[in-house]
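Below, each chain spelled out in residue letters.
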Amino acid sequence: MVEAFFTWAKDIQSKNQLSRGKTLDGINYCINQEVSLKAFLKDGEIPMDNNAIGSALHSFCLHKHAWKLIDSLDGANASAIICSITETTKANELNPFRYLKYILTVLKEHQDDKKYSFINDILLWSEKLPDICRSKVKTCNL
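Our subject in this report is the structure included herewith. (Residues numbered from 1 in each chain as written. Predicted model: local features only at pLDDT ≥ 70, side-chain atom pairs only at ≥ 80, totals over all residues. Heavy atoms only, no water.)

Here's the deal with the overall build of the protein chain
Looking only at helices and strands, the protein chain features 7 helices and 0 strands. Across the 142 residues of the protein chain, 20% fall into the buried class. Contacts in the protein chain between residues far apart in sequence, at least 24 positions, make up 49% of those at least 6 positions apart. If you sum the accessible surface of the protein chain, you get close to 11,400 Å²; carbon and sulfur atoms cover 59% of it. (Helix = DSSP H or I, 4+ residues; strand = E, 2+ residues; numbered from the N terminus. Buried < 20%, exposed > 50% of the residue type's maximum accessible area, 1.4 Å probe, protein only. Contact = heavy atoms within 4.5 Å. Areas by Shrake-Rupley, 256 points an atom, 1.4 Å probe, with all protein chains shown as cover.)

Brief notes about the pattern of salt bridges
On inspection of all chains with the given rule, the structure shows 6 salt bridges. One salt bridge connects K42 with E3, and the closest N-O pair in it is separated by 3.8 Å. Separated by 39 residues along the polypeptide, K42 in helix α3 (residues 34-42) and E3 in helix α1 (residues 2-14) bring together distant segments of the chain. On the basis of relative accessibility, which here comes to 58%, the residue K42 falls in the exposed class. Salt bridges sharing common partners tie together E3, K10, E34, K38 and K42. (Salt bridge = Lys/Arg side-chain N within 4 Å of Asp/Glu carboxyl O.)

Considering the packing of aromatic side chains
Summed over the entire model, instances satisfying the criterion amount to 2 aromatic pairs. Note on F5 and F6: the rings are 5.2 Å apart at their centroids and 75° apart in plane angle, and the pair reads as edge-to-face. Residue class for F6 comes out buried when judged on its relative accessible area of 2%. Ring geometry for F5 versus W8: centroids 5.9 Å apart, planes at 40°, classification tilted. Within this pair, F5 and its partner W8 are both found in helix α1, separated by 3 residues, close to a single helical turn. Of the residues examined, F5 reaches a relative accessible area of 33% and is grouped as partly exposed. A relative accessible area of 44% means that W8 is categorised as partly exposed. (Phe/Tyr/Trp six-rings, centres within 6.5 Å; stacked < 30°, edge-to-face > 60°.)

Remarks on unusual backbone geometry
One non-glycine residue, E93, lies in the positive phi region at around 60°. As for its placement among the helices and strands, E93 is situated in the loop between α5 (73-91) and α6 (96-109).

Concerning helix α2 (residues 22-32)
All of the buried residues along α2 are L24, I27, C30 and I31. In an axial view of α2, the angular spread of the buried residues amounts to 125°, which keeps them on one side of the axis. Across α2 from its buried face, at more than 90 degrees, point the exposed residues K22, Y29 and N32. (Arc of directions from axis to C-beta.)

Quick look at the structure:
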């Protein structure tokens, strides 16, 4: 059905059946965005918009006065990494604070290791993560 739509749209465009208007604009947009639209139409898991990303960045931007503490490229890079990890933990339904605390503890314990085989055990999708990383319940004694 998706292929039939794009065949129809290209046929309409090539025959110049529509000279102007919103319908032609819509058809031209669909043809120009064919790859992305096909991916969206074939996979229901792909979001229709990027509101989730906008919401994730919103709180970060609201606290931009804290950016004064980031006075170097290394500081900005570290901040971006932490922000990315935090938002990815939320997307994977993990507790960001507990996950960061856990991985920083593990990384500290392995800082002198020459082999990094332990990394697979602390990745977001690892089944070896402790249950505390998955817990949403707030407690006072972490």
